[in-house]
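Chain residues, written in single-letter form:
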Amino acid sequence: MGNDLADVLVVGAGPTGLVLACDLARRGAAVRIVDRPPAPPRTSRAKGPNARSLEILDDLGVADEVLAAGSDPLPMLKYRDRLPVAETDPWADSAPSPDAPYDRGRLIAQWRLEEILRDRLAGYGVRVELGREVVGLTEAADGRHVDVTFAEDRTERVRYVVGCDGAHSSVRKLLGIGFEGTTAEDQVMVCGDVDLAEGALDRTRWHQWFDEDGAVMLCPIPGTRTGWWFQAGPERDGRGRPLAPTADGFRRLLARHTALPGRALTRAELLSTYRVNVRMADRFRAGRVFLAGDAAHVHAVAGGLGMNTGIQDAFNLGWKLGLVLAGHAGAELLDTYEEERLPVAARTLDLTSERLRATLEAIRRPGGGLDAAITLDTTGLGVGYRWSSLARAHDEAPRPDEAPRPDGAPRPDEAPRPDETPRPNETPRPGDCLPGSPQPGDRAPDAPCVDAATGARTRLHRVFAGPRTTVLGFGPGSAAVLREVAAAYGDTGVRTCRVYAPYEGGARSGPGTAVVDDEGHAAAAYGTGASDDRDTETDTDTDTDTGTRTGTDTATGTVIVVRPDHHLGLSAPADDAGSVHAYLRRLHGAGRPRNGSPALVDAARKG
């Protein structure tokens, strides 16, 4: 048995496992990642990240590489009986907005995305251990570690395991977790990566032939001169059974449905048969072992949400494991992974099945195509966790058992609650967010702004980037809370950011980061009404020595806690400091030790 005790073993080195490993590595966790194949797969499978996944990749510092290596989604050219009948650009009316700079996804071969993520992970000193298959998992009787047995008959001990090893997950099977659902044997597609003769088709279009007796779809693979994603209805034998895909079969399908000769297809590899599977694991956790991505849920390809849902699973789990491993949060924080992501997975199964039905209906008519699968829901930007016990309204008074414990650890999570909407007879108090603004659990909007120290253009998601919780302060009244938070958590994973309205004068100084909401987009996105407070604010100055403001502040202000995964945790009036501190205690304990000792982290890891 190995002597080194890793914090987390990630099983599976696809996009889900690589995102999780990158997130953990940048938090300083001792992470390892293993994959069964002896070499990284050279398959293009998923067609790229959606808008929400691009935000996650941006946070990890790789979005620019992904954008450079990929292309925008392409207009779709639809054919019937070999003739073009319609062209549709599903994104023609879409544009970036201040709160969502990524309005659409990106086409990129999955192997290229994985290559970018592996390079990022290597920058943290972590490399994928190839050719390693997990064949046994045993959690210790004391519940403090997991013994992992590999196919080479070697057993190694780790604190946590995350199975990101796909729909046929060995981790899930070893845990005995059910994977209930259905397989539609009559909904079959053959797929592969192919080369077409140069100039055979316009590479600025996604070509789609839908006929009564079958279909062929060809989408250019970015970063290649002649590579295409090939998808088609299968050839069938005399009894109507689908035939296995072959290069010659692809050529026959090409000749049958398109105006191209079969010889135009010069190469075909990574051939596979896809059947519509809609399945979800009974649970996403068993003790110290978790499931993420296709290991936890599979669904119809319509909408392109498979890889993206896995990436978002990883981003939800990574920060929670990081805080528990660092000793800031109690192990109960890990319960919120399943609490939050299992309902999202269930909704995704419903959404993709609905989009598949809509697409199958659309392609019956000339001019129908895969654009029927695309809706605002498939961007991922609307996914939130309002039901979560981590989504806290400021007027939910802390329970008695949430008072800080002597060791600074947080108390157990609350029971889940339904989405909250303002009651008709409620009158917003100063500092409350306006109706229609993001609620706790929702994705935190982006907003362009100006760095108060340098004058450089920036945006809120740049402020959020990195493995920390962010506390935003709107309005002069938020200054006191930000100072208290900075004093308690200044170097333990919490950053503060004062968001100044453009009319706020005086020195813009204090703890943490400061930005100027020069165009009012931040106040509008978060519903703080800060840009409307100028009539109530009196002239004030800031004492740069103490960070306090002199004069009279009649604008109370708002404080918003943004989780490390860019979801709102809490929104509270600035005079409700108690709610802010209670929420932060749940994630980060009581703050930095008085003596500055790292003993808390060491003690947690020894446990």
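Keep in mind that this is a model prediction, so the values were computed, not measured.

**Digging into the layout of surface pockets**
- Approximately 820 Å³ is the volume found for the second largest pocket.
- What lines the second largest pocket is a set of 38 residues, among which Leu-376, Gly-380, Leu-381, Gly-382 and Val-383 lie closest to the centre.
- Contributing elements (two or more residues each) for the lining of the second largest pocket: α7 (306-325) and α8 (335-362).
- It is α8 that provides the largest number of residues to the lining of the second largest pocket, a total of six residues.
- Residues that form the lining of the second largest pocket fall into these classes: 16 nonpolar, 12 polar and 10 charged.

**Points about the environment of Arg-468**
- With respect to the element layout, Arg-468 can be found in the loop between α9 (460-464) and β20 (469-474).
- Considering only alpha carbons, one finds Arg-468 and Thr-496, 28 residues apart in sequence, at a separation of 9.9 Å.
- In this view, Arg-468 contacts Gly-493, Val-494, Arg-495, Arg-563 and Pro-564; residues no more than four positions away in its chain are not counted.

**Focus: helix α2 (residues 51-59)**
- Within α2, nine of the nine residues are buried, which leaves it mostly tucked inside the rest of the structure.
- When we look at burial in α2, the residues that qualify are Ala-51, Arg-52, Ser-53, Leu-54, Glu-55, Ile-56, Leu-57, Asp-58 and Asp-59.
- Structurally, α2 contributes buried residues whose contacts are with α1 (15-26), α3 (63-69), α4 (110-123), α7, β19 (457-459) and α9.

**Considering empty space enclosed by the protein**
- A complete count under the given rule lists eight cavities of 30 Å³ or more for this structure.
- Its boundaries defined by the atoms lining it, the largest cavity holds a volume of some 80 Å³.
- What lines the largest cavity is simply Arg-52, Ile-56, Gln-312, Phe-315, Asn-316, Arg-341, Gly-380, Val-383, Tyr-385, Asp-565 and His-567.
- Of all the elements in the fold, those that place two or more residues in the lining of the largest cavity are α2 and α7.
- At three residues, α7 tops the list of elements feeding residues into the lining of the largest cavity.
- Class assignment of the residues belonging to the lining of the largest cavity gives a composition of four nonpolar, four polar and three charged.
- If you go around the second largest cavity, the residues you meet are Glu-55, Asp-58, Asp-59, Pro-101, Tyr-102, Arg-459, His-461, Arg-462, Ala-465 and His-566.

**Here we look at the nonpolar core**
- Counting 119 residues, the largest nonpolar core has Val-8, Ile-33, Val-148, Val-161, Val-162, Leu-321 and Val-580 as the members making the most contacts within it.
- Looking at which element gives the most residues to this core, the answer is α7, with 10 residues.
- With sequence-adjacent residues up to four places away left out, Val-161 is seen in contact with Leu-9, Val-11, Leu-137, Val-146, Val-148, Arg-288, Val-289 and Phe-290.
- Core analysis: the next-biggest nonpolar cluster, separate from the first, contains 18 residues, Val-190, Leu-218, Ala-232 and Ala-264 among them.

**Here's the deal with the pattern of salt bridges**
- Applying the stated criterion across every chain, the model contains 41 salt bridges.
- The salt bridge involving Arg-355 is made with Glu-354; its shortest N-O contact spans 3.2 Å.
- By relative accessible area, which is 14% here, Arg-355 ends up buried.
- A relative accessible area of 32% means that Glu-354 is categorised as partly exposed.

**What to know about the confidence of the model for the protein chain**
- Across the protein chain, the average pLDDT comes to 87, with 85% of residues at or above 70.
- With pLDDT under 50 throughout, residues 397-431 is counted as low confidence; its partners more than four residues away or in other chains account for 64 contacts.

**Focus on the packing of aromatic side chains**
- Tallied over the full model, the rule gives seven aromatic pairs.
- Between Tyr-160 and Phe-290, the aromatic rings sit 6.2 Å apart at their centres with planes inclined by 45°, giving tilted as the arrangement. In this pair, Tyr-160 sits in strand β8 (residues 155-163) while Phe-290 sits in strand β15 (residues 289-291), placing the two residues 130 residues apart along the sequence. For the pair Tyr-160 and Phe-290, one class covers both residues: buried.
- Taking relative accessible area as the criterion, Phe-290 reaches 0% and is therefore assigned buried.
- In textbook terms, an aromatic cluster arises when at least three aromatic residues are bridged by ring pairs, as seen for Tyr-160, Phe-284, Phe-290 and Tyr-337.
- Over the ring of Tyr-160 we find Arg-288, and its NZ or CZ is 4.5 Å from the ring centre.

About the cut-offs
Residues numbered from 1 in each chain as written. Predicted model: local features only at pLDDT ≥ 70, side-chain atom pairs only at ≥ 80, totals over all residues. Heavy atoms only, no water. 1 Å grid on protein atoms, 1.4 Å probe; cavity = no way out; pocket = protein on both sides within 12 Å on 5 of 7 lines; lining within 4 Å. Points joined across faces, edges and corners; volume = space filled by probe spheres on them. Helix = DSSP H or I, 4+ residues; strand = E, 2+ residues; numbered from the N terminus. Nonpolar A, V, L, I, M, F, W, Y, C, P; charged D, E, K, R; others polar. Contact = heavy atoms within 4.5 Å. Buried < 20%, exposed > 50% of the residue type's maximum accessible area, 1.4 Å probe, protein only. Core = buried A, V, L, I, M, F, W, Y, C linked by side-chain atoms within 4.5 Å. Salt bridge = Lys/Arg side-chain N within 4 Å of Asp/Glu carboxyl O. pLDDT = per-residue confidence, 0-100. Phe/Tyr/Trp six-rings, centres within 6.5 Å; stacked < 30°, edge-to-face > 60°. Lys NZ or Arg CZ within 6 Å of the ring centre and 35° of its normal.

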